[in-house]
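Survey of secondary and tertiary structure
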Amino acid sequence: FFKDSQFLVFSNRFLAFIIAVGYLLIKQQNRHRAPLFKYSYASFSNIMSAWLQYEALKFISFPTQVLAKSCKIIPVMIMGRIISRNKYEFYEYIVALAISVGMILFLSGSYDHSKHTPMTTITGLFLLVMYMVFDSFTSNWQSEIFKCYGISSMQMMCGVNLFSTLFTAASLLVQGGFSEGFEFASEHPKFFIDCLILSVSSTVGQLFIFFTISKFGAVVFTIIMTVRQAIAILLSCLIYHHQISVLGIFGV
């Protein structure tokens with residue numbers, strides 16, 4: 001029954017920032033060379049993508065959201081051309097398209113259309129499209145910072161989450177989200193545990209995300225995430241008993 005997506009984003013980013021700061025204070029890192037304001041762009045787009053991701057779950061099923069994440073390879077490649085002037089071979093676009101089509105076929109074979117009205121589907125689709133735009137910008141911008149300034153993945157995590165914490169905290173203060181969030185947590189003690197688990201999972205995930213982007217770039221990172229999404233859909237279908245057709249299995 002908790003409705004404030006922004007409070008969840010704040011919790012995730014705040015814990016990640018604290019862990020990153022603690023690590024940088026304990027471990028000696030290379031000199032930080034990137035201008036601090038550059039992290040704010042990735043931070044803002046990261047906040048928006050996370051917020052849109054949570055909001056979309058109010059209108060669509062989890063497998064549908066996973067589909068959107070699985071089809072974002074091409075948007076990431078397009079954004080890479082815009083931001084970093086990356087060039088891709090024709091066959092790379094074909095491979096990206098084939099992955100996306102396979103995931104569409106899989107979802108088509110495991111999606112229950114009777115549970116969603118056209119209006120909620122359109123609303124969810126709009127949120128997912130905006131999610132992909134912001135998310136594809138985030139990974140490409142971070143990749144560009146890694147290439148230009150040679151910072152560590154932990155420095156990236158600290159810088160991005162610093163601005164993410166400031167942005168979400170300011171918004172929550174204006175809207176009174178902190179009082180509502182803590183009040184809800186006091187009424188539902190289990191919410192605190194769930195929120196902590198979500199934040200820890202997000203933080204650990206960021207460690208691998210930033211390391212992968214720094215070493216292999218945004219597109220390879222997105223392809224790796226797509227493989228993960230396929231496993232996530234299968235798990236969701238097993239746990240929530242979604243039916244999978246022969247077409248869906250062929251899509252995988």
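Here, every reference points to the structure presented above.
The notes below deal with the structure included here. The structure displayed is predicted, hence computed values, not measured ones. (Residues numbered from 1 in each chain as written. Predicted model: local features only at pLDDT ≥ 70, side-chain atom pairs only at ≥ 80, totals over all residues. Heavy atoms only, no water.)

**What about the environment of asparagine 161?**
Relative to the helices and strands, asparagine 161 is located in helix α7 (residues 153-175). The buried category is assigned to asparagine 161, whose relative accessible area is 0%. Sequence separation between asparagine 161 and serine 171 is 10 residues, and the spatial gap between their C-alpha atoms is 15 Å. Those residues in contact with asparagine 161 that sit more than four places away from it in its chain are Arg13, Ala16, Phe17 and Gln206. At 2.7 Å, the side chain of asparagine 161 and the backbone oxygen of methionine 157 are in polar contact. (Helix = DSSP H or I, 4+ residues; strand = E, 2+ residues; numbered from the N terminus. Buried < 20%, exposed > 50% of the residue type's maximum accessible area, 1.4 Å probe, protein only. Contact = heavy atoms within 4.5 Å. Polar contact = N/O pair within 3.5 Å; in protein donor to acceptor, adjacent residues only side chain to side chain.)

**Examining the packing of aromatic side chains**
Going through the model one piece at a time under the given rule, you end up with 15 aromatic pairs. Plain terms: the ring middles of phenylalanine 2 and phenylalanine 184 are 5.0 Å apart, the flat faces sit at 55° to each other, and that makes the pair tilted. On the criterion of sequence distance, the pair formed by phenylalanine 2 in the segment before α1 (5-26) and phenylalanine 184 in helix α8 (residues 177-187) is long-range, its members being 182 residues apart. A relative accessible area of 21% places phenylalanine 2 in the partly exposed class. Note on phenylalanine 184: relative accessible area 16%, which makes it buried. Ring pairing ties together the aromatic residues Phe2, Phe7, Phe10, Phe14, Phe178, Phe182, Phe184 and Phe191, which thus form one cluster. (Phe/Tyr/Trp six-rings, centres within 6.5 Å; stacked < 30°, edge-to-face > 60°.)

**Some details on the pattern of salt bridges**
The final tally for this structure, using the stated rule, is 4 salt bridges. Linking aspartate 135 and lysine 72 is a salt bridge whose minimum nitrogen-to-oxygen distance equals 2.4 Å. Separated by 63 residues along the polypeptide, aspartate 135 in helix α6 (residues 118-149) and lysine 72 in the loop between α3 (62-70) and α4 (73-84) bring together distant segments of the chain. Salt-bridge contacts for lysine 190 lead to aspartate 194; the nearest nitrogen and oxygen are separated by 3.2 Å. Highlighted residues: lysine 190 and aspartate 194, both in helix α9 (residues 189-216), separated by 4 residues, approximately one helical turn. For lysine 190, a relative accessible area of 60% gives the class exposed. (Salt bridge = Lys/Arg side-chain N within 4 Å of Asp/Glu carboxyl O.)

**As for the packing of α4 against helix α10 (residues 218-240)**
Two numbers describe a pair of packed helices, the interaxial angle and the distance between the axes. Taken N-terminus to C-terminus, the directions of α4 and α10 make an angle of 170°; their axes are 9 Å apart at the nearest point. Classified by the angle between their axes, α4 and α10 sit roughly antiparallel to one another. Here Ile73, Val76 and Met77 of α4 come into contact with α10, specifically with Ala218, Val219, Thr222, Ile223 and Thr226. The class makeup of the residues in the contact of α4 with α10 is 6 nonpolar, 2 polar and no charged. (Axes fitted to C-alpha atoms, helices over the stretch in contact; angles between N-to-C directions. Parallel < 35°, antiparallel > 145°, perpendicular 65-115°, else oblique. Nonpolar A, V, L, I, M, F, W, Y, C, P; charged D, E, K, R; others polar.)

**Points about the state of the cysteines**
Scanning all chains against the criterion turns up 0 disulfides. Cysteine 158 carries a free sulfur, and the closest cysteine sulfur to it, the one in cysteine 148, is 20 Å from it. (Disulfide = S-S within 2.5 Å.)

**Points about the side chain of glutamine 142**
Tracing the backbone through its elements, the reader meets glutamine 142 in helix α6. Judged by its relative accessible area of 3%, glutamine 142 is buried. With sequence-adjacent residues up to four places away left out, glutamine 142 is seen in contact with Ala42, Met156, Val160, Phe210 and Ile213.

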